[in-house]
Each structure stands twice: as C-alpha cells, then as structure tokens.
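Notes for the structure review
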Number of protein chains: 2
Amino acid sequence: MRVVDARVCGSSDAPVTVRGWVRSVRRQKKWSFLSLSDGSCAETLQVVFPGRVDSSVTTGSAVAVTGSLQQHMRLPEKELHCAEDSASAIELLGGADAETYPLQKKEHSFEFLRDVVHLRGRTATMGSALRVRHTLSGAVSASLDSQGCTQVHTPIITGSDCEGAGETFRVLPAAELRASSGGGGGGGGGIAAEAADGSAAAGATGAGFFGTEAHLTVSGQLQAEAFAAALGRVYTFGPTFRAENSNTARHLAEFWMIEPELSFAGAAEAMDSAEAVVRAAVAAAEERNAGDLAVLDQAFGEAAARRSAAADPAPYARVSYSRVVEMLQEAHARGEAPAGKDGEAVDAVQWGDDLSSEQEKWICAQHADRPVFVTRFPRSLKPFYMLQADPLEDESGPVVEAFDLLVPGVGELAGGSAREHRLSNLIAAMETHGLIDAEGKAGPLEWYVDLRRYGSTPHAGYGIGFERLVQFVTGIKNIREAIPVPRAPGLCLM
Amino acid sequence: MRVVDARVCGSSDAPVTVRGWVRSVRRQKKWSFLSLSDGSCAETLQVVFPGRVDSSVTTGSAVAVTGSLQQHMRLPEKELHCAEDSASAIELLGGADAETYPLQKKEHSFEFLRDVVHLRGRTATMGSALRVRHTLSGAVSASLDSQGCTQVHTPIITGSDCEGAGETFRVLPAAELRASSGGGGGGGGGIAAEAADGSAAAGATGAGFFGTEAHLTVSGQLQAEAFAAALGRVYTFGPTFRAENSNTARHLAEFWMIEPELSFAGAAEAMDSAEAVVRAAVAAAEERNAGDLAVLDQAFGEAAARRSAAADPAPYARVSYSRVVEMLQEAHARGEAPAGKDGEAVDAVQWGDDLSSEQEKWICAQHADRPVFVTRFPRSLKPFYMLQADPLEDESGPVVEAFDLLVPGVGELAGGSAREHRLSNLIAAMETHGLIDAEGKAGPLEWYVDLRRYGSTPHAGYGIGFERLVQFVTGIKNIREAIPVPRAPGLCLM
C-alpha cells in the first residue's frame, strides 16, 4: 500500500524515501536494478540506481531508498530513480547473508517453505495468499454484519464437546503436569490420567484447574445456538481443533471456522446466508486483491474460473441428496460414474451412503462447475442436533434438513442444517447417540437441552471452513498454505 | 434490528408478524401488554393485546405476534396492536416454564448470571454488552485495516512461549492420555510427565502428536513480528491463555488480544496507532449502540464520561515513567499520594518500582481522567524484546522504548514498545533472561532470532486487551461480564 501510495502520489521530482525488502538485485555495468516490496501488495517497485549497488544489498535485505519517481520507459508503472551523485541513496537497514538466507530468488517448493514458516510470508505467493486471507476474513464479517448477525466469541477451552465426533485435545495447566511429575530428575513420576469410564481424575488431569475436564473446542456451534436464542442472529469466527492423526493436504489440527446461527430461520434461509457470504468473499478479493490473485492464479492456475462461476448472478443450485444418488446411479448405468468412497469405481452408490470427494466433484461438474447445495441428507449420516424432515417420495428413509455446499476444486466448503428445536425430539436424538445418562441427564450438554426448555424457536445455522474458503478463492492445493502457521501431526513450528 | 425495521417500515394498517422473546407480560382486565425483544438491539417492542393473553405466554417464551403497527399514545415509539377478533394473534413458539425458568423479570446478580451463562445473554444488560462487544470487534479491525495492517491469524497451539512470563496451558491429544492410562478400569495407570529438566517425554505428554511440547499461546506478538517482516504492517486478533490461579475481577484464563506490529515504525507511531484504534472503537459504539450504551450506563454508571473524555480531539497525553515517578514523589511529599503496590500507602515510589493500579488511576486523574500514555519504562520492568533507549537526564537507569496506555476505570488498556531489531543486542537481552542455551541457541525461539538475521528493520507494536476495551467502553466492573463465556479457575461452563 505504501509503495503503491508513493507511486501514485509522488510528483516526479520531489525526492521520496521508500522502505522495503529487496526481492532481487540485478547489477549491470552502469546501472543496478532492485525489485523492492514493502509487503503491502503484490506489486513491487523497481529501483534504478546509477552504478553498482554495494554487495551488502542482497535478496531479503531491508533498505530505505531515496530517489524520485519517474515514469518507466515502456510500462505504465513508475520507477524510483536514485540521483547520480547520491552514494547514500540506498541505506541498508538489515542485511540478509546470501550464504545462509534460506529464500534466494529461485523458486522454492511449498514443502521446503513449510520448514521456514517464519520466513515464507516473504515469498510472492505466500504474501499474496496472506493478503487475500485478510480480505476474505473482513468480507465474511462484513457480510454477516450486514445480515444482522452479532459476532460472539465462543469459548476455545470447553467442557462440552460438539457432536462427540473426532478426536479432541485436552488442556492442562503446565504447572500441574510439572507438580505431578514428582519433582524427580528423570521424569520418573506419573500423573493420574482419565479413568477408562470417562470420569476425570482430579488434580493433574486438568480437572484441578477448571473443576472439570477441559478440551479445545471442535466447533462453536452449540454455544452459538445459545447466543442466537438471546441475540437472534449470531456468528462465531474462531479457531477450532481436531487431534486426528491425518497427515493429508485437506486436514489441519488447528483451523478457523465461521459458524452463523439464525433464529426464526430454516435451512433455506441458512443457505441464502451462506451463499451471500461466499459471494461477498469472492467479490471482495476480486476488488481488493487483483494483483495478489494474478500471482496466485499463476502459481495454482484454477481459481479464476471458479471465482467467476461463483460470482455469476444465477443462484447456486439446490439439489436433494436423493436426486444426487439417482443421478449417480444413472451415470453408473451409463458407465460414467465417478469413483466411490475409496477412490475406486465399484458398485453404484446406494441411498444412505456418504458421498466421496470424487462424487462431490462430479456433482459440481454436473452443475457447470459452480457451487451446489446438496440438501436433505439421510439422518444416519448427520449429527444428533439436526432437524428431522418429512420424507418425500423419492427418499428411502428418514432425512434431516441438512445441506452441504460443494464447490469445485475444494469439495465441501460449508455444511449446515435446521436444528432440532423441540425438546422431546432432541432428547430422543441424543438418546440414540448415547448422550443421555441413566438419570436422563445430558451431562456436560445439559445446558444445550435448556435452550429447548426455555424460549426455543426454529433456527438454522452452518459452518464454513475458513481455510477451505481461502483455498477456493486462491486455488491453493494444500491446506497448509491456506493458514499462516499450519498445525498438523509432527508440525508445530513457531 | 428486525423489530426496529418493522417499526420503521410497517404501515400502520398492513398486518406484520414479529418474532421474538417475551421480556415481560402485564395482564390487565381488558388488555395485555407484552414487552418483546428480538435480540438485535436494546429497544423492545410493546405488544398491545385485547384481553388476557394465554397463561402459556410467560417471561422468556418465544412468540410470533401478528398485528398492526400503531403510534404509541404518548411516546414516539410504535406499538404492535393485535386485532380484537384474532385469538391466534400470538403464536407460542417455545414456552418457558415460570416455575423453573431461571430468568424471571426481577433483577439478577452478575454472580448468579455466571452460573447460567448459556442464558444470561437474554438479559438486557448482557445482551447490550454482547452487542457492544461485536461493534468494538468490527471497529478495531476496520481501524487497523485503514491503517494498512493485514490481519494474520497467529497460531493458538505453539511450541514457542512469548516472554516466558506467566503460567501456560499444555495441549495433549485426549487419545494419548486415554491410551497411556493403561486401559484399566480404575484410572490406575499413569502417564509419563514432563521431565524436571524441561525436556518432554515422548508419547503421552503430547510430544508424540506434534513432535514437541505444545502450549496454548499467551501472546501472538512474536509470531506477528515474523509476518510484519513479510507484509509490513500486520495485526493478530485472537484468543490468548494464562493458567494463573487468579480468581479476580481483572483476570481470565482465556481472553482476546489485539496485537499490531508495524515495520519501519517506532514507539511514537505505535502510540498513534493505538490511539486511533481506541478512538475508532469508542466512536463506533456511540454511533451504532446508543440504546445499548444507555442500558449499560444505567447498570454500571461510569463509562459515558470516559467515552466522552476519550473522544475529545486533544491528543492523549504522553508522559515518561520518570516524570510519573517524580509526580508521585511530589504528591507523597504533599501527603496526597495514592496507595502503593499492595494497596497501602507507605513509602514513596522509587524509580524502578512497578506502578500499582491505584497509581495508574491517579495518573489518569492527573490528566483530566483521559487516556494517558506512560512511556520509557525501566528496562528491568519489561520483557527481553523491547528496544533499549538512550537515557535522558531525569532517568535513573536503563530504559526501553515501551509504553502503557492507561485509561480511567480500567487501568492498563494496552502496552507496547519498539522492538530490539539488532541481532547482537537481542541475543544479549535473551542471554540476560536465560533464553540462550550453552550452544548459543535460542531453542524454540531460534526462528525469532532469524528475524534479526535476515532483513531486520526497526519496528514497533502493542497489545490491547480486548475485554479491557469492552470494560472501558461499557463500564462493566468484572471482566467475566466482558466476554460471552468466561474461563477462570473452577469456571468452565458450556
């Protein structure tokens, strides 16, 4: 921004000083050329220096350059021209030893850059990805604000556990771990761990600090529902955690979720809301980050078409799960079906089966490679809190008012549903999922049941995986590049 | 919002349907009156119903009311009048048993409300607090965005540990805890805990999952510095954690911090930035939440004057620590000094002493009860990464380019500094703090040292405690009311 500002506002004669980092240096006989970035945008500023710049000015070094802004000979951009007589036109603020600095000008693999995550934001591609991520974050919040949603910071440390699905992280004060190690020199102590029946041992397991077992949240949804029942429309936007040992390009141990909850709304309104958020995010990136998107499109090459398809004014298609299964079966009969869950094309999909990511891609392809809502999923595929719907003729079993938003390149970008707001139905669903104890209580979720006891209303909500939104807009292939500092099994740098 | 919209847009005759929660019911002989809230704003809508509404319509229940908007007889507001002949004008969506619903119309103590944290957002005061918090969150981000800062989500789980200050939480996969409990039925197993020399035992302590000891972040600052060295100006806005066993009105185990870092900036520019953020936050609340602030001012009664003092166009005063000590000593000589660190007035403060919260309040009082920056603190009071300044005549020892922003009613709202950007000085400071090992390495902070090896620049940053900002603007006394779901020793509801 500041480099851009300098370009725009500088008169061609008044000297200006620009600070930034050297992306590259070219030394010729009579001239030297620096490509300078201040990190605020994808565009760099070309510095034209009379003579050979000092050898201390290397790729990665920080400099302050004084000169006058001149029109480039052939390009629309301006250049910063250092005066002929000024030996001190380039001030070295901080060097970067060419022998050891990990980011020389040549291209680096993303795998290599993950090992220098504290430096990788300085590369053109990662810098652009981070700036687009910032724009998307602001655009999502602005869209939800304009939809009348109040942002609520739901807790990160929680005694509840949404869905009971997925492995969680436990949280324990470091001091309790230290104290319980017995103070010996060789780590010979032990701490009492969670009992096998699920009850927490006191003290060292963390029950001591909070008085209960504490976990990192896997979703803020249930808590968001509590605040939707107070404020009408709310959303959370915060970090969530899964301790699953999946070392894939699609999973992180720490990732950010956007989770709106809308009182007095059904699945249709929730889909309207999600579609508005996605459109706002795409539009904001196109408007604010044209240069960054050009860099990313060159690096990853797919997302421009996706963005344009998502921005098309025609509403995103809404197709029921049952219809999708029918389409897949018809394709199977024609020998054109995509692969199944395990990646191999075998039997035709049956009603009640989960959809594979290959099938999700195929569904988008059937809809002009645009985002598609798949609706009304079999109840058996979805969590306990979703609202059961009256089955339609083409449905082979109980369905819930759920939806997934599938997008090309990424697959499931968002998922949501109307929530079961009737007390007795909720209790019955929780019993089925083993969440009700012998005394008829919901244990750590008793507060959630309270929401149906007092002033319960029809409501609906959804969750957008923020890194997946970043991937959708930028084309980033591996989710570890969609977040500033990735966390995964064996990966905890910085 | 929707109730307000209905008021504004509804013609007086066309029937409208409004959905919300009943705040109170008054049943008279010929008329019933409901106070209805949809949670979007402080204002409620008065429903006028001919006859006695059904006894199922109680405080806390959710209803849909159909009627026509009519001008109130004496007030500027409109009322929703149900038709005489319509018995179904009020549809009960979800009841709230008057015998068991915890929030009847009478006033509740904040202590009581903390026990029903899943419901307390429905009270007028907490609803207003949550809506103001939302406005402040958006205003902070908008201000920093306009300052050219890119938001970076720094990691929550970290292998680094900012400042080494304060107790941290450790993060361990629940499955590893379960596995290491030996599978027995009585919790008789034990897990290997951290060795006393600080090295992590493998496996069950969490080193197994991440390959290193993982903690919850106490600050995103150090990571933000890495991204400032890539993007120029950045900020983090995320949850931070302290495992300190402080059960006070000023501490939380989980709280949100705003942490900007500005490349090519000094302490003065960082103070400019912080002042702009505070002004933007106050202005946004005044503009968007007038009704909410009226509710909060009535409940807490102090903040209106603070907000107006903070909005005054005169710049916030900047006074050095040494001058503050001098002022306190002069006041002590006059017998007018505030209490010391332990709350008791004893000896005069000496150069090098920390300031007590009473002294901080006194400093604001000396400056027309406006926000004040105290600058240039003794080095011994501040963390290792702060930039050492050349001492001035009135300074009795080494000082750093640090600042605290003190505000009336809250005390320290923000703290920041220029950062030590010179490699050798940083290493020396880290040695003093015991952060360099025998091999001359900084262990888990080696990446932070890298930032000074490659393209280092002068830079500065600060942190704002977001809940303290909420307290400053709203007047909330106890920080547990400044966050939707508080976390503290023994407190982990929801």
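Only a predicted model underlies this, so the values are computations on that prediction, with no experimental measurement involved.

With that out of the way, let us pick up the overall build of chain A. For chain A, the count of helices and strands is 14 helices and 19 strands. Per-residue burial for chain A yields a buried fraction of 59% across its 494 residues. Within chain A, contacts between residues separated by at least 24 positions form 70% of all contacts whose residues are at least 6 apart in sequence. About 18,700 Å² of surface is accessible on chain A, with carbon and sulfur atoms providing 50% of the total.

Residue and element names in this part refer to chain A. This model, assessed by the stated rule, comprises 48 salt bridges over all chains. Between arginine 323 and glutamate 330 there is a salt bridge; the shortest N-O distance is 3.7 Å. One salt-bridge network, held together by shared partners, links Lys441, Glu446, Asp450 and Arg453.

Taken as a whole and assessed by the stated rule, the structure comprises 32 aromatic pairs over all chains. Judged by centre distance (5.1 Å) and plane angle (50 degrees), the ring pair of A:Tyr101 and B:Tyr454 falls under tilted. One end of the pair, A:Tyr101, is in the loop between strand S6 (90-94) and helix H2 (110-115); the other, B:Tyr454, is in the loop between helix H13 (446-453) and strand S19 (459-465), on a second chain. Here A:Tyr101 and B:Tyr454 have matching classes, each one buried. Arranged with centres 5.5 Å apart and planes meeting at 15 degrees, the rings of A:Phe210 and B:Phe169 form a pair that is stacked. Taken as a pair, A:Phe210 in helix H5 (residues 207-210) and B:Phe169 in strand S9 (residues 169-173) lie in two separate chains rather than in one. Connected via pairs of aromatic rings, a cluster forms that spans A:Tyr316, A:Phe373, A:Phe403 and A:Tyr462. One residue, B:Lys382, lies across the ring of B:Phe377, its end atom 4.3 Å from the ring centre.

Our focus in this paragraph is the pairing of strand S15 (residues 372-378) of chain B. Residue and element names in this part refer to chain B. Most of S15 is tucked away, with seven of its seven residues classed as buried. Sheet topology places strand S14 (residues 317-320) next to S15; four bridges connect them, and they run parallel. Across the sheet, alanine 317 pairs through a bridge with valine 372, a residue of S15. Strand direction decides the pairing type here: S15 and strand S17 (residues 399-407), joined by six bridges, are antiparallel. If you follow proline 378 over to S17, its bridge partner there is valine 399.

Glancing now at the domain arrangement of chain A. All names here are of chain A. For chain A, the assigned domains read domain 1 (3-94) and domain 2 (124-171 + 210-421 + 457-481). Placing the centre of domain 1 and that of domain 2 at their C-alpha centroids yields a distance of 44 Å. At the junction of the two partners, domain 1 supplies six residues and domain 2 supplies six residues. Approximately 350 Å² of surface area, both sides summed, lies buried where domain 1 meets domain 2, with 50% of it carried by carbon and sulfur atoms. Run the count over domain 1 and domain 2 and you get zero salt bridges. Joining domain 1 to domain 2, the criterion identifies two residue pairs in polar contact (both at pLDDT 80 or more). Tallied by class, the residues present in the side of domain 1 that touches domain 2 amount to two nonpolar, two polar and two charged.

Next up on the list: unusual backbone geometry. Residue and element names in this part refer to chain B. In this structure, phenylalanine 264 takes a positive phi of about 60 degrees despite not being glycine. With respect to the secondary-structure elements, phenylalanine 264 resides in the loop between strand S13 (254-263) and helix H7 (267-288). Overall, phenylalanine 264 belongs to the buried group, its relative accessible area being 17%. At aspartate 369, a residue that is not glycine, the phi angle is positive and equals roughly 50 degrees. Within the element layout of this structure, aspartate 369 appears in the loop between helix H11 (357-366) and S15.

With that settled, the discussion passes to the interface of chain B and chain A. Each partner contributes residues to the interface: chain B has 112 residues there, and chain A has 111 residues. Buried area between chain B and chain A, summed over both chains or domains, comes out near 9,000 Å², and the portion from carbon and sulfur atoms is 64%. If you sort the residues of chain B by the area they bury against chain A, B:His153, B:Tyr454 and B:Met494 come out on top, with a joint share of 9%. The tally of links from chain B across to chain A stands at two salt bridges. Note that B:Arg288 is salt-bridged to A:Asp145, the shortest N-O span being 3.1 Å. Linking chain B with chain A are 36 residue pairs in polar contact (both at pLDDT 80 or more), by the criterion used here. Classifying every residue of the side of chain B that touches chain A gives 55 nonpolar, 38 polar and 19 charged.

Here we take up the relation of the copies chain B and chain A. When chain B is fitted onto chain A, the two copies agree to an RMSD of 0.0 Å after a turn of 180 degrees and an axial shift of 0.0 Å. Expressed as a symmetry operation, the mapping of one chain copy onto the other fits a two-fold axis. A high fraction, 99%, of the interface residues of chain B reappear at the interface in chain A, so the copies pair face to face through one surface.

Residue and element names in this part refer to chain B. Along the chain, the position of methionine 126 falls in helix H3 (residues 124-146). Assessed through its relative accessible area of 3%, methionine 126 is described here as buried. Sequence-distant contacts of methionine 126, defined by excluding residues within four places in its chain, comprise Arg120, Gly121 and Glu481.

Next up on the list: the pairing of strand S17 (residues 399-407) of chain A. Residue and element names in this part refer to chain A. For S17, a buried count of eight out of nine residues is recorded, marking the element as mostly surrounded by other parts of the structure. The sheet contact formed by S17 and strand S18 (residues 411-418) spans six bridges and is antiparallel. Residue pairing in the sheet places aspartate 404 in a bridge with glycine 415 of S18. A loop of three residues connects S17 with S18, the two strands running antiparallel in sequence, and glycine 409 in this loop sits at a positive phi of about 90 degrees.

All names here are of chain A. Relative to each other, helix H3 (residues 124-146) and helix H7 (residues 267-288) sit at 140 degrees, their axes nearing to 8 Å. In terms of axis orientation, H3 runs oblique to H7. Crossing geometry of H3 relative to H7 is assigned as right-handed. In this structure, H3 uses Val132, His134, Thr135, Leu136, Ala139, Val140, Ser143 and Leu144 to contact H7, whose residues at the interface are Ser273, Ala276, Val277, Ala280, Ala281, Ala284, Ala285 and Arg288. In terms of residue class, the contact of H3 with H7 is built from eleven nonpolar, four polar and one charged.

Residues and elements named next belong to chain A. Running from N to C, helix H6 (residues 221-231) and helix H13 (residues 446-453) cross one another at 35 degrees; their axes reach a closest spacing of 10 Å. For the element pair H6 and H13, the recorded crossing hand is left-handed. Mapping the contact onto sequence places Leu222, Gln223, Glu225 and Ala226 in H6 and Trp447, Tyr448, Leu451 and Arg452 in H13. Of the residues that constitute the contact of H6 with H13, the class distribution is five nonpolar, one polar and two charged.

Attention shifts here to the confidence of the model for chain A. Residues and elements named next belong to chain A. This prediction gives chain A a mean pLDDT of 90; 89% of its residues lie at or above 70. In this model, residues 4-10 is a region of pLDDT below 50 whose contacts with residues beyond four sequence positions or in other chains number twelve contacts. Here residues 182-206 is modelled with pLDDT under 50, and outside its nearest four sequence neighbours on either side it reaches 60 contacts, counting other chains as well. With pTM at 0.94, the complex prediction returns an ipTM value of 0.93.

Cut-off values and rules
Residues numbered from 1 in each chain as written. Chains lettered and ligands numbered in written order. Predicted model: local features only at pLDDT ≥ 70, side-chain atom pairs only at ≥ 80, totals over all residues. Heavy atoms only, no water. Helix = DSSP H or I, 4+ residues; strand = E, 2+ residues; numbered from the N terminus. Buried < 20%, exposed > 50% of the residue type's maximum accessible area, 1.4 Å probe, protein only. Contact = heavy atoms within 4.5 Å. Areas by Shrake-Rupley, 256 points an atom, 1.4 Å probe, with all protein chains shown as cover. Salt bridge = Lys/Arg side-chain N within 4 Å of Asp/Glu carboxyl O. Phe/Tyr/Trp six-rings, centres within 6.5 Å; stacked < 30°, edge-to-face > 60°. Lys NZ or Arg CZ within 6 Å of the ring centre and 35° of its normal. Pairing = 2+ DSSP bridges. Domains from an automatic or database assignment. Buried area = accessible area lost by both parts, 1.4 Å probe. Polar contact = N/O pair within 3.5 Å; in protein donor to acceptor, adjacent residues only side chain to side chain. Nonpolar A, V, L, I, M, F, W, Y, C, P; charged D, E, K, R; others polar. Least-squares fit on C-alpha atoms with pLDDT ≥ 70 in both. Axes fitted to C-alpha atoms, helices over the stretch in contact; angles between N-to-C directions. Parallel < 35°, antiparallel > 145°, perpendicular 65-115°, else oblique. Left-handed = near helix turned anticlockwise from the far one by under 90°. pLDDT = per-residue confidence, 0-100.

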